[in-house]
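Chain by chain, the residues run as shown.
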Amino acid sequence: QVQLVESGGGLVQAGGSRRLSCAASGRAFSANAMGWFRQAPGKERDFVAAISRSAVITYYADSVKGRFAISRDNAKNTVTLQMNSLKPEDTAVYYCAARSTGLYGSYDPSDYDYWGQGTQVTVSS
């Protein structure tokens, strides 16, 4: 079992930055690939970014590429999502997820085994 707790959400103006963190406990953190997803009201949960167990491989959705950066600290059991140049369309609940099988992250939410409760990010225009 892995428990995930996100933090760092809030209200930010368009063009601003926000840093989300996800603290993990339970099963060895380094044994999990990690991902960030987001869900806007009335929409499906969408992939944002993922990072491999060793932090060597990262993936990004086209909509955030060049603006967001995912990183992890296996010594501190944390994964972060640095979000820059935020846009109103980035408004969503952001979820941290852990994938216990496979070395790498995935675009598919069904590949992840554990989820946090989510943190709201609202970008005002």
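Scope of this entry: the structure provided in the associated data block.

Reading the values: the criteria
- Residues numbered from 1 in each chain as written.
- Predicted model: local features only at pLDDT ≥ 70, side-chain atom pairs only at ≥ 80, totals over all residues.
- Heavy atoms only, no water.
- Helix = DSSP H or I, 4+ residues; strand = E, 2+ residues; numbered from the N terminus.
- Buried < 20%, exposed > 50% of the residue type's maximum accessible area, 1.4 Å probe, protein only.
- Contact = heavy atoms within 4.5 Å.
- Lys, Arg positive; Asp, Glu negative; His and termini not counted.
- Charge placed at Lys NZ, Arg CZ, Asp CG, Glu CD.
- Polar contact = N/O pair within 3.5 Å; in protein donor to acceptor, adjacent residues only side chain to side chain.
- Salt bridge = Lys/Arg side-chain N within 4 Å of Asp/Glu carboxyl O.

## As for the overall build of the protein chain
In step 1: A count of helical and extended segments in the protein chain gives zero helices and 11 strands.
In step 2: In terms of its C-alpha atoms, the protein chain occupies a principal-axis envelope of roughly 40 × 25 × 25 Å.
In step 3: Taken across its 125 residues, the protein chain has 42% of its residues classed as buried.
In step 4: A separation of at least 24 residues holds for 59% of the contacts in the protein chain among residues at least 6 apart in sequence.
In step 5: Within the protein chain, one finds 13 positive and 10 negative side-chain charges whose respective centroids are separated by 6 Å.

## Some details on the side chain of Thr 80
In step 1: Checked against the element boundaries, Thr 80 lands in strand E8 (residues 78-83).
In step 2: The exposure class assigned to Thr 80 is buried, which follows from its relative accessible area of 10%.
In step 3: Engagement of the side chain of Thr 80 in a polar contact is seen with the side chain of Ser 71, the distance being 2.6 Å.
In step 4: Those residues in contact with Thr 80 that lie beyond four places of it in its chain are Arg 19, Leu 20, Ser 21, Trp 36, Ala 69, Ile 70 and Ser 71.

## As for the pattern of salt bridges
In step 1: Applying the stated rule across the entire model yields three salt bridges.
In step 2: A salt bridge links Arg 38 to Asp 90; its shortest N-O distance comes to 2.9 Å. With Arg 38 in strand E4 (residues 33-39) and Asp 90 in the loop between E8 and strand E9 (92-99), the pair connects residues that are 52 residues apart, well separated along the chain. Of the two residues, Arg 38 and Asp 90, both sit in the buried class.
In step 3: For Lys 65, the salt bridge is made with Asp 62, and the minimal N-O distance between the two is 3.2 Å.
In step 4: The exposed category is assigned to Asp 62, whose relative accessible area is 66%.
In step 5: A single salt-bridge network, built from bridges that share partners, covers Arg 38, Arg 67 and Asp 90.

Keep in mind these numbers describe shape, not what the thing actually does.
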